[in-house]
Amino acid sequence: DNITIPRRIKPLDQDVVNKIAAGEIIVAPVHALKELMENAVDAGSTSVEVLVKDGGLKLLQITDNGCGIDKEDLPILCERFTTSKLQTFEDLQTIATYGFRGEALASISHIAHLTVTTKTRDSNCAWRAYYDSGKLVPAKPGQSPDPKPVAGRQGTQITVEDLFYNVPTRRRAFRSPSDEYNKIIDMVGRYAIHCSNVAFSCKKHGESSTSIAVQASASCLDRIRQIYGGSVANELTEFSTSDDRWAFKANGLATNANYSTKKTTVLLFINHRCVESSNIRKAIEQTYSAFLPKNGHPFVYLSLEIDPRRVDVNVHPTKREVNFLNEDEIIQAICEHIRSKLAAVDASRTFVTQT
Ligand code: ADP
Ligand code: MG
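Residues numbered from 1 in each chain as written. Chains lettered and ligands numbered in written order. Predicted model: local features only at pLDDT ≥ 70, side-chain atom pairs only at ≥ 80, totals over all residues.

## Observations regarding the overall build of the protein
Put simply, the rule is: Numbering of helices and strands starts at the N terminus; helices are DSSP runs of H or I of at least 4 residues and strands are runs of E of at least 2. Taken over C-alpha atoms, the radius of gyration is set against a globule rule of 2.2 Å times the number of residues to the power 0.38. Three classes are used. A residue is buried when 20 or more other C-beta atoms lie within 10 Å of its own, exposed when 12 or fewer do, and partly exposed in between, with C-beta atoms placed from the backbone. C-beta atoms are placed from the backbone for every residue, and two residues are taken to be in contact when these atoms lie within 7 Å.
Per the secondary structure count, the protein includes nine helices and 16 strands. Relative to the 2.2 N^0.38 estimate, which gives 20 Å for 355 residues, the radius of gyration of the protein is 23 Å and therefore close to what a compact globule would have. With the C-alpha coordinates aligned to their principal axes, the bounding extent of the protein is approximately 75 × 70 × 40 Å. Across the 355 residues in the protein, those meeting the buried criterion constitute 36%. Within the protein, contacts between residues separated by at least 24 positions form 66% of all contacts whose residues are at least 6 apart in sequence.

Dropping the structure here:
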């Protein structure tokens, strides 16, 4: 018989717990970037600049002009579950900010070298702090870990270096820095399109030209034109629909039947979070199949706002997906609306469609 003696159960070291959690929240450089961009937007920034080296594995730097962080908060900034955004569990029902768990900076500090430089409006200088595993550490061995005064403008600059340096299996999983950079550009592009009144830029370290550059004043259509090009932007139709029964509002821009490409692009924001939904993607593809040639696919930017009490944002460690009530009804209503828009544009086309 296969009788074995159970091994004793012991609690894991706090440091091990934190590293495991970090690896769930930050799977790839783009996840760190997303958290840091969301923090910048939460801080009321009107400018977010991203600098990347080696697909974010060597360097990921986000500079914003938001409210900054109080010097007094710097000692606990990177501890797990420290946040300025959530107080009670019930607050999750009405949360309007991207962040809520106070886990992003903590996680990053466990798996990378993290430097924070920040200045609030009321401080007469900026402060720079270095972190390791949740705690302030000195810039160089032997120095004090206390934040140092430095010159700087209002806002926050977060520098993440050598991501996954102490998680060798994860580090080795990244074969191609350029794949990681493409994911980063994609994510910056999504937020750049959604966050009106915020300027975004993204560039590779050592290159003078930017991969993405949009002005704060650019319209949503301008932003799509700059990031996805004129062939998409010239064929977009605006849509907007809502239904009180399901407590939702949806608006966005969708390509018309003149446009078709190899792969569907859905830029989906639910209550201003960039998320994925295979159900929404499938329904959109289904809707367009009646209008596009076989193997033709659309581009859709969809901003969906749902009563926060009906949305569960806390279902995925990377916050990639959210759950909401009446999903089927809401998706159907949106797709029905898009279908009517497509039909209207289709009917007004002056040329004869091929059969
Ligand atoms: P969360 O966003 O869930 O609160 P984070 O670990 O991402 O958790 O951030 C912790 C706290 O640090 C935030 O609540 C916020 O007060 C502060 N913070 C982080 N990034 C910025 C930033 N770019 N500007 C101003 N404050 C920031
Ligand atoms: Mg955050």
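## Topic: the packing of helix 8 (residues 278-289) against helix 9 (residues 327-347)
Definition in use: Here an angle of 0 to 180 degrees is reported between the N-to-C directions of two axes, which are lines fitted to C-alpha atoms, with helices fitted over the stretch in contact. Small angles under 35 degrees read as roughly parallel and large ones over 145 as roughly antiparallel, with 65 to 115 read as roughly perpendicular and the rest as oblique. Throughout, a crossing is termed right-handed when the near helix is turned clockwise from the far one, and left-handed when it is turned anticlockwise from it by less than a right angle.
Running from N to C, helix 8 and helix 9 point in directions that differ by 30°, and their axes come no closer than 10 Å. In this view, helix 8 runs roughly parallel relative to helix 9, as classed from their interaxial angle. The hand of the helix 8/helix 9 crossing is right-handed. Across the interface between the two elements, Asn 279, Ile 280, Ala 283, Ile 284 and Thr 287 of helix 8 pack against Glu 327, Ile 331, Cys 335, Ile 338 and Arg 339 of helix 9.

## Remarks on the domain arrangement of the protein
Our working rule: Each domain span listed reflects an automatic or database assignment of domains.
Under the domain assignment used here, the protein contains domain 1 (14-214) and domain 2 (230-347). Distance between the C-alpha centres of domain 1 and domain 2: 29 Å.

## Details of the pairing of strand 1 (residues 47-53)
For clarity, the cut-off: The pairing criterion for strands is at least two bridges between them, as found by DSSP.
Of all seven residues in strand 1, five are buried, a share of seventy percent or more. With six bridges connecting them, strand 1 and strand 2 (residues 59-64) associate as antiparallel partners. Along strand 2, the bridge assignment pairs Val 50 with Ile 62. With antiparallel pairing between neighbouring strands as the criterion, strand 1 and strand 2 make up a hairpin whose turn holds five residues, including Asp 54 at a positive phi of roughly 50°.

## Side note on helix 9
Stated precisely, the cut-off is as follows: By this rule, a helix spans an expected 1.5 Å times one less than how many residues it contains. Throughout, the arc means that of the directions going from the helix axis to the C-beta atoms.
Helix length check: helix 9, at 21 residues, gives a terminal C-alpha distance of 30 Å against a target of 30 Å (1.5 Å per residue), a fit within 8%. Turning to helix 9, its buried residues are Ile 330, Ile 334, Ile 338 and Leu 342. On an axial view of helix 9, the arc spanned by its buried residues comes to 100°, and they lie on one face. In helix 9, the exposed positions that point more than 90 degrees away from the buried face belong to Asp 328, Glu 336, Ser 340, Ala 344 and Ala 347. Buried residues in helix 9 make contact with strand 10 (236-243), strand 11 (248-255) and helix 8.

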